Amino acid sequence: MADKVIICRCEDITREMILQCIEDGYQTIDEIKRVTRAGMGPCQGRTCRLLIAQELSRAYHVPMEEVLMSTFRPPTKPISMGALADAWLENHEGEEAVSGQAVAPKPEEGGAAE
Amino acid sequence: MKKGYDVVVIGGGIVGCATAFELAKRGVKDILLIEKRFLTAGATGRCGAGIRQQWGSELNASIALESTNILENLEEYTGYPHSVELHQGGYLLVAYTDKEWDQFQKNLEVQHRLGIDSYALTPEEMKKKVPYLNLDGVKGGTFNQKDGHANPFHCTQAYAYGARKMGVDIETFCEATGFRMKNGAIAGVETTKGYIEAKTVINCANTRAPELAKMVGEDIPVISERHQALVTEPVAPLIDCMVMAFSRSYYVQQTPHGSFVMGIGPKETPSHNFKSSWQFLEHNCAVMCEALPILRNLRVVRQWAGQYDMSPDANPVIDEAAECKNFYSVCGFSGHGFMVSPRVAIMVANYLTGQEDTLDIHRFSKKRFETGELLLEPAVV
Ligand SMILES: Cc1cc2nc3c(=O)[nH]c(=O)nc-3n(C[C@H](O)[C@H](O)[C@H](O)COP(=O)(O)OP(=O)(O)OC[C@H]3O[C@@H](n4cnc5c(N)ncnc54)[C@H](O)[C@@H]3O)c2cc1C
């Protein structure tokens, strides 16, 4: 019964699948996300990453704070491509939406949030 | 992890994992792979995972062809119990200029010589394949059914799985920080988990490979360039093939899961920048909605950034360090390393175990930038 618990509702991933990953030797939320898709759906892991962190914390006997969090990636909410395209066109009047010829945006200095 | 190994591979991306696997397969017993984070933490886990045989140079086309043959059976090849989700829905390459269209004809000749089943399409025929394609400015296209994509996480895990089965040790969260040499040859690797003796080191650290090579006195002309991608929510199947254009520098594909993965490639100043930008988000959507207006309705759920390890001729640099014997670097894949890694790993493993190969590894040496024998490729993003 306990193992039929859904951990990631967006991608329909059960606790059983998460435990299997841990048994297979995966150690981080990021790895589990990559192999199961947990946290890749529309809500981007808002609930499931804490639940997965709990499982990792329990399995590897480390405190929750020490479980490596996965990166929160933009956008914060799903947003339509049409709206984004219009925003670009508004700011680039008269330009063609062609990326090959485009001027490179200045790289956001510093960066390197690897 | 032991005190010392015959071979230490640095980097847990597809290149490092495939190389470790191929070496073990050739009977090399004592191999360690170290990865500073987790497997696929680098470019491999951030890539579009497209595989195509539609190249313009015979070298790239044949490496991609042979790599595809391996990916077609990677589960069996490595014993991996999951699917690597290979989907061969084809690549539709779109020409928007006459020059590009002429080049496509030449590329087809090269591909046909190798037995690749690619063919040309008129704009009307393209519309039949991808009804949502905006034909404005389209001169024509080429298609090859064997092109497609695979899941980069599972492909890498498959190689790692097979490697472990043959006794390869894999140590994650272990970063190479320095090297020790003895009599002009590599002696060992300093890591965040201590010193490891090594008779041979294979540097597969992608964009970080040049700085590691530098530690043994080797200069590799490879730079790091940020490229971004995004993914939409999953929807019912709309497009079976990858759609890609060099002149407009975009690619888009629908994954078996239903989401669309896409990216555009404006040139940027070299950096190790891993941040996503809103400029990319908007610009990408403008370019893509122009090419495939139906995409307007889809919602973006996630974007990310990764690096291309760019070499001067956009092809890999594979070399032994001049001042440090048995230290090899395998990098410079310039944005298409995923699809060629299976065959490149075989070539490297054959070379290191003294086996014959139809490919001459020396062609990938950095000497080519002095002699001018560049590996020129007309069909790159
Ligand atoms: C947005 C994007 C889209 C792409 N699309 C495609 C595509 O469609 N098709 C295709 O074929 N290719 C594509 N590529 C390119 C492809 O991802 C790479 O060429 C390929 O994954 C390179 O594999 P790798 O193993 O060399 O590098 P990586 O996967 O980057 O592996 C290198 C590893 O080395 C580790 N490392 C670095 N320094 C150290 C150290 N000091 N000690 C230990 N470990 C270290 C890193 O953490 C990393 O995991 C794309 C790339 C990007 C960024």
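Residues numbered from 1 in each chain as written. Chains lettered and ligands numbered in written order. Predicted model: local features only at pLDDT ≥ 70, side-chain atom pairs only at ≥ 80, totals over all residues. Heavy atoms only, no water.

We now examine the overall build of chain B. Tallying secondary structure elements over chain B gives 10 helices and 18 strands in all. When the backbone C-alpha atoms are referred to their principal axes, chain B occupies close to 65 × 40 × 40 Å. Buried residues in chain B amount to 62% of all 381 residues. The long-range share in chain B, meaning contacts at least 24 apart out of those at least 6 apart in sequence, stands at 72%. Carbon and sulfur atoms form 50% of the exposed surface of chain B, whose accessible area is close to 14,100 Å². (Helix = DSSP H or I, 4+ residues; strand = E, 2+ residues; numbered from the N terminus. Buried < 20%, exposed > 50% of the residue type's maximum accessible area, 1.4 Å probe, protein only. Contact = heavy atoms within 4.5 Å. Areas by Shrake-Rupley, 256 points an atom, 1.4 Å probe, with all protein chains shown as cover.)

Within this structure, the stated rule accounts for 22 salt bridges over all chains. A:R34 serves as the salt-bridge partner of A:D30, at 3.4 Å between the closest nitrogen and oxygen. Taken together, the residues span about one helical turn, with A:D30 and A:R34 both in helix α2 (residues 29-36) at a distance of 4 residues. Overall, the relative accessible area of 5% leaves A:D30 in the buried class. The salt bridge involving B:R299 is made with B:E233; its shortest N-O contact spans 3.1 Å. Of the two residues, B:R299 sits in strand β16 (residues 299-310) while B:E233 sits in the loop between β12 (223-232) and β13 (242-245), which places them 66 residues apart along the sequence. Assessed through its relative accessible area of 14%, B:E233 is described here as buried. Beyond isolated ion pairs, a larger network of salt bridges with shared partners links A:R15, A:E55 and A:R58. (Salt bridge = Lys/Arg side-chain N within 4 Å of Asp/Glu carboxyl O.)

With that settled, the discussion passes to helix α4 (residues 98-113) of chain B. For an α-helix, 3.6 residues make a turn, and residues three or four places apart therefore share a direction. Residues and elements named next belong to chain B. Under the 1.5 Å per step criterion, the end-to-end length of α4 is 23 Å for 16 residues, consistent within 8% with the ideal 22 Å. For α4, every residue scored as buried is listed here: E100, F104, N107, L108, V110 and Q111. Seen from one end, α4 has its buried residues packed into an arc of 160 degrees, which puts them on one side. Structural note: α4 exposes K99, K106, E109 and R113 on the side pointing more than 90 degrees away from its buried face. For α4, the secondary structure elements touched by its buried residues are α2 (58-71), β4 (91-95), β5 (119-121) and β6 (140-144). Downstream of α4 by one or two residues, G115 has phi in the positive range, about 85 degrees. (Expected span 1.5 Å × (residues − 1). Arc of directions from axis to C-beta.)

A few words on the interface of chain B and chain A. Opposite the 53 residues of chain B that make contact, chain A presents 47 residues. Across the interface of chain B and chain A, roughly 4,300 Å² is buried in total on both sides, 59% from carbon and sulfur atoms. Taken as a group, B:R296, B:V301 and B:R302 account for 14% of the area that chain B buries against chain A, more than any other trio of residues on that side. A:D86 serves as the salt-bridge partner of B:R296, at 2.7 Å between the closest nitrogen and oxygen. Applying the counting criterion to the chain B and chain A interface returns 11 residue pairs in polar contact (both at pLDDT 80 or more). Within the residue set of the side of chain B that touches chain A, elements represented by two or more residues are α6 (152-165), β12, β15 (260-264), α8 (278-291) and β16 of chain B. The element best represented in the side of chain B that touches chain A is α8(B), accounting for 10 residues. In terms of residue class, the side of chain B that touches chain A is made up of 20 nonpolar, 20 polar and 13 charged. Pairing analysis gives 2 bridges linking strand β3 (residues 79-80) of chain A to β16(B), with the strands arranged antiparallel. Looking across to β16(B), one finds that A:I79 is bridged to B:V300. (Buried area = accessible area lost by both parts, 1.4 Å probe. Polar contact = N/O pair within 3.5 Å; in protein donor to acceptor, adjacent residues only side chain to side chain. Nonpolar A, V, L, I, M, F, W, Y, C, P; charged D, E, K, R; others polar. Pairing = 2+ DSSP bridges.)

All names here are of chain B. Residues in contact with the ligand amount to 35 residues; listed here are only the nearest, E35, A43, T44, N206 and M339. Here G50 contributes a backbone N or O atom positioned 2.9 Å from an oxygen atom of the ligand. Here N206 contributes a side-chain N or O atom positioned 2.7 Å from an oxygen atom of the ligand. In isolation the ligand has 1,000 Å² of accessible area, and contact with the protein removes 97% of it. When residues of the shell around the ligand are traced back to their parent elements, those giving at least two are α1 (14-25), β16 and α9 (337-352). In the shell around the ligand, the residues fall into 16 nonpolar, 14 polar and 5 charged. Taken domain by domain, the makeup of the shell around the ligand includes at least three residues from each of domain 1 (4-47 + 153-222 + 313-371) and domain 2 (88-146 + 223-309). (Near = heavy atom within 4 Å. Domains from an automatic or database assignment.)

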